[in-house]
Structure formats: structure tokens, C-alpha cells
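Next come the chains, spelled out residue by residue.
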Amino acid sequence: MRFWHFWFQTFVISSQYNPPRFVELLMLMLAIAMLAIATVIPDRPFLVLGLSLVVGASISILVREAIAPSPQTRITQITALLLLIISIYGFADIIKTL
């Protein structure tokens, strides 16, 4: 019980400290879950939802870094661009196979 209380308190504090980063983290965690489900159950809706969450999170990260740069701006931007390129490639592959 104490373990779950610790994690809940951590989520509450992180959401109050930096809400945009918390929402991006939540979107990326949901995207990972959707893409993991898409590998087990080969169904397009899970893949499309996971890729769209990755696109939204990476664009949000790029906008946040442009407005308020963090100490590791370059690494964050490169990672977000890499995620964006991979997810756009995934969408192109889905469209090609339709």
C-alpha cells in the first residue's frame, strides 16, 4: 500500500511542478502501451493511436523547448525530432499498405 502511495504522490508533485512535461510523459507512456499492444495484436487502430500520441508528444516537446529552453535543449530536440521522423515514417508505411 505504501508503494502505491509513494508513486501517486510522485505523480501529483510532478504534475504540479511542470504540467506540460507531465502531459508529455503521460502521452509517451500511453504511446508505448499502444505500440506494445499493436505488436501483440496486429490491429491498425492501436498502431495509429500510438503513432499519433508520439507525434503529439514530440511536437509538444519541440514547442516547449522553443519557448522555454531547458539545460539539455539540444538532446531533447534531437530526440523529439527522431521520434517525429520515425512516427511519420510509420504513418507513411500504414498509408502505403492500405
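Given the structure is predicted, the values throughout are model-derived calculations rather than measurements. (Residues numbered from 1 in each chain as written. Predicted model: local features only at pLDDT ≥ 70, side-chain atom pairs only at ≥ 80, totals over all residues. Heavy atoms only, no water.)

**Here's the deal with the overall build of the chain**
Within the chain, the secondary structure is distributed over four helices and zero strands. Ordering the α and β elements of the chain from the N terminus gives α-α-α-α. Overall, the chain is about 45 × 40 × 15 Å in size when its C-alpha atoms are taken along their principal axes. Across the 98 residues in the chain, those meeting the buried criterion constitute 23%. (Helix = DSSP H or I, 4+ residues; strand = E, 2+ residues; numbered from the N terminus. Buried < 20%, exposed > 50% of the residue type's maximum accessible area, 1.4 Å probe, protein only.)

**Points about the UniProt feature "transmembrane region" (unreviewed entry) in the chain**
Look at the UniProt record and you will see "transmembrane region" (unreviewed entry) annotated at residues 21-40, 46-63 and 75-92. Secondary structure over residues 46-63 splits into 100% helix and 0% strand, and the C-alpha atoms at its two ends are 26 Å apart. As annotated, residues 75-92 comprises 100% helix and 0% strand, and the C-alpha atoms at either end are separated by 26 Å. (UniProt positions renumbered as here; feature names shortened; annotations may be inferred.)

**Concerning the pattern of salt bridges**
One pass over the full model with this rule turns up two salt bridges. A salt bridge links Arg-64 to Glu-24; its shortest N-O distance comes to 2.8 Å. Of this pair, Arg-64 sits in helix H3 (residues 44-67) while Glu-24 sits in helix H2 (residues 19-40), and the two are 40 residues apart along the sequence. Like Glu-24, Arg-64 is buried. (Salt bridge = Lys/Arg side-chain N within 4 Å of Asp/Glu carboxyl O.)

**So, the packing of H3 against helix H4 (residues 73-97)**
One can describe the packing of H3 onto H4 by two numbers: an axis separation of 9 Å at closest approach and a directional angle of 150 degrees. The angle between the axes of H3 and H4 places the two elements in the roughly antiparallel class. By crossing handedness, the relation of H3 to H4 is classed as left-handed. Contacts between H3 and H4 involve Arg-44, Leu-47, Val-48, Leu-51, Ser-52, Val-54, Val-55, Ser-58, Ile-59, Ile-61, Leu-62 and Glu-65 from the first element and Thr-73, Thr-76, Gln-77, Ala-80, Leu-81, Leu-83, Leu-84, Ser-87, Gly-90, Phe-91, Ile-94 and Thr-97 from the second. Looking at side-chain class alone, the contact of H3 with H4 contains 14 nonpolar, eight polar and two charged residues. (Axes fitted to C-alpha atoms, helices over the stretch in contact; angles between N-to-C directions. Parallel < 35°, antiparallel > 145°, perpendicular 65-115°, else oblique. Left-handed = near helix turned anticlockwise from the far one by under 90°. Contact = heavy atoms within 4.5 Å. Nonpolar A, V, L, I, M, F, W, Y, C, P; charged D, E, K, R; others polar.)

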